[in-house]
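Here is what each chain is made of, one letter per residue.
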Amino acid sequence: MEQRSILVTGGGRGLGRGLVERLARGGHRVLFTVRTVAAGDDTVAALRGVHPAAELVPIVVDLSVLADVARLGETLTEQGIALDVLFHNAGILQQSPVRLVTQEGREQTLAVNVLAPLVLTRALWPALRRGTRPRVVTVSSRLHLENARGGPPSFDFDDPGLERGYTADRAYKNSKLALLWFTFALARRAGRDVTVNGVCPGFVPTTAAASTTGLMRLVMRHIMPHMPFATRIEDAVASLAFMACDTALDGVTGAFYADQRPLAASAAAQDVGLQERFWTLAAQLAGCPPDWAG
Ligand SMILES: NC(=O)c1ccc[n+]([C@@H]2O[C@H](COP(=O)([O-])OP(=O)(O)OC[C@H]3O[C@@H](n4cnc5c(N)ncnc54)[C@H](OP(=O)(O)O)[C@@H]3O)[C@@H](O)[C@H]2O)c1
């Protein structure tokens, strides 16, 4: 088996941790981000207990702070690493009904779910171009679709940070749509030198429970996993690992997947005009030039 060098964001818990374990077990070198040294140490200790030879490199970063995200990517790039897969797993669905902003003044969901992947991809672009059949994978969600529970996303290009009409649900759905705009616009620029695809892991109540509180958390942990529409965590992790490593995806770019199969993204996500409009807006919001990829 070919060993790949893979960076997974949000590897300390949830689906990201499952993915890190699966990739490390498969013999890959896995760099993964966490928010604290303790979370990194805990993950490494737990995984090495089961897989002593696992090649694991924890990296501490708060993805809501874009200056830190850029610095991390630039540091790794300057170290000369060759990155084969950049896997943007980390994401938030806020528990707070009130709009929260990052220390840099951006709406948090947009910053973590969309702008951080942009900034990290840009800073790691030279490292990816040194990789072997390099891939970028973004974790979006079926909740970006027109028929999403509770209604479709409603992204306002004049108010991307939702200063008006904020709800946590709206911020999340908008972010997952915007992440696909970013994904498809990047795929177009990268050609086949770096392939870029999005994925929905399915509805995984056991990990999604972290974004809930009280009674809902109990329901998510103990009742929802038995529902027919729920995805088992091992199946979701298998689907993410497929996106990261399966050779069936060599040369495939600009696609959206779920359950290891292509899935049509929403008409809005596939709209090239909207993708390009968002590409320009996202560069402004992240404070970087728009012409970095390709
Ligand atoms: N579970 C589902 O049903 C479902 C469905 C569709 C899509 N998704 C997507 O799948 C991905 C993984 O979901 P999950 O269920 O595993 O969620 P989770 O258990 O809540 O894990 C989220 C991960 O993101 C990290 N993260 C959040 N904010 C961060 C920040 N500011 N800086 C650094 N890391 C941050 C968390 O790290 P900390 O431990 O430091 O908080 C954690 O590792 C997300 O993008 C989610 O939107 C999930």
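Our subject is the structure listed above.
Definitions and cut-offs
Residues numbered from 1 in each chain as written. Predicted model: local features only at pLDDT ≥ 70, side-chain atom pairs only at ≥ 80, totals over all residues. Heavy atoms only, no water. Helix = DSSP H or I, 4+ residues; strand = E, 2+ residues; numbered from the N terminus. Rg over C-alpha atoms; globule rule 2.2 N^0.38 Å. Contact = heavy atoms within 4.5 Å. Areas by Shrake-Rupley, 256 points an atom, 1.4 Å probe, with all protein chains shown as cover. Lys, Arg positive; Asp, Glu negative; His and termini not counted. Charge placed at Lys NZ, Arg CZ, Asp CG, Glu CD. Near = heavy atom within 4 Å. Polar contact = N/O pair within 3.5 Å; in protein donor to acceptor, adjacent residues only side chain to side chain. Nonpolar A, V, L, I, M, F, W, Y, C, P; charged D, E, K, R; others polar. Core = buried A, V, L, I, M, F, W, Y, C linked by side-chain atoms within 4.5 Å. Buried < 20%, exposed > 50% of the residue type's maximum accessible area, 1.4 Å probe, protein only. Expected span 1.5 Å × (residues − 1). Axes fitted to C-alpha atoms, helices over the stretch in contact; angles between N-to-C directions. Parallel < 35°, antiparallel > 145°, perpendicular 65-115°, else oblique. Left-handed = near helix turned anticlockwise from the far one by under 90°.

Visitor: Can you walk me through the overall build of the protein in this structure?
Guide: A tally of helices and strands in the protein yields 10 helices and 8 strands. Relative to its length of 294 residues, the protein is compact, with a C-alpha radius of gyration of 18 Å against a globular reference of 19 Å. Its C-alpha atoms give the protein principal-axis dimensions of roughly 50 × 45 × 35 Å. Across the protein, contacts joining residues at least 24 apart in sequence account for 75% of those joining residues at least 6 apart. In the structure as shown, the protein presents an accessible area of about 12,600 Å², 54% of it carried by carbon and sulfur atoms. When the 30 basic and 27 acidic side-chain charges of the protein are each reduced to a single mean position, those positions are 3 Å apart.

Visitor: Just checking my understanding: could you explain the site of the ligand for this structure?
Guide: Taken together, the neighbourhood of the ligand is formed by 26 residues, with R13, R35, Y172, V204 and T207 sitting nearest. At 3.0 Å, a side-chain N or O of D62 approaches a nitrogen atom of the ligand. G91 has a polar backbone atom sitting 3.4 Å from an oxygen atom of the ligand. Contact with the protein chains removes 90% of the 890 Å² of surface that the ligand exposes when unbound. Going through the elements one at a time, α1 (14-25), α5 (168-190) and α6 (205-208) are the ones with two or more residues in the shell around the ligand. Within the shell around the ligand, the residues separate by chemical class into 13 nonpolar, 9 polar and 4 charged.

Visitor: I'm lost on the nonpolar core in this one. Help?
Guide: In summary, soluble globular proteins display a tendency toward joint burial of nonpolar side chains. Counting 56 residues, the largest nonpolar core has L7, W125 and F278 as the members making the most contacts within it. Among the secondary structure elements, those contributing two or more residues to this core are α3 (66-78), α4 (108-129), α5, β6 (195-200), β7 (256-258) and α10 (272-286). The next biggest cluster of nonpolar side chains, apart from the first, holds 30 residues, and it includes I6, L19, A241 and L249.

Visitor: What is the right way to look at helix α8 (residues 233-245) in this model?
Guide: Turn by turn, an α-helix covers 3.6 residues, leaving residues three or four places apart pointing in a common direction. Between its first and last C-alpha, α8 extends 18 Å over 13 residues, near the 18 Å set by a 1.5 Å rise per residue. Those residues of α8 that fall on the buried side of the exposure criterion are A236, V237, A238, S239, L240, A241, F242, M243 and A244. On its buried face, α8 sits against α1, β4 (85-88), β5 (135-139), β6 and β7.

Visitor: Even after reading the chapter, I still don't get the side chain of N197, so can you show me in this structure?
Guide: Checked against the element boundaries, N197 lands in strand β6. Exposure remark for N197: the relative accessible area of 5% places this residue in the buried category. Looking at N197, its side chain comes within polar contact range of the main-chain oxygen of V252, at 2.9 Å. A distance of 2.8 Å separates the side chain of N197 from the backbone nitrogen of A255, its partner in a polar contact. Look past the residues within four positions of N197 in its chain and what remains in contact with it is V136, V137, T138, T183, M243, V252, T253, G254 and A255.

Visitor: When you look at the packing of α1 against helix α2 (residues 37-50) in this model, what are you seeing that I'm missing?
Guide: For any two helices packed against each other, one specifies the inter-axial angle together with the distance between the axes. In the contact formed by α1 and α2, the axes pass within 11 Å of each other and the chain directions differ by 45°. The orientation of α1 with respect to α2, classified from their angle, is oblique. As for the relative orientation of α1 and α2, their crossing is right-handed in sense. Note on element contacts: α2 touches α1 through D42, T43, A46 and L47, opposite R17, V20 and E21. Split into classes, the residues belonging to the contact of α1 with α2 amount to 3 nonpolar, 1 polar and 3 charged.

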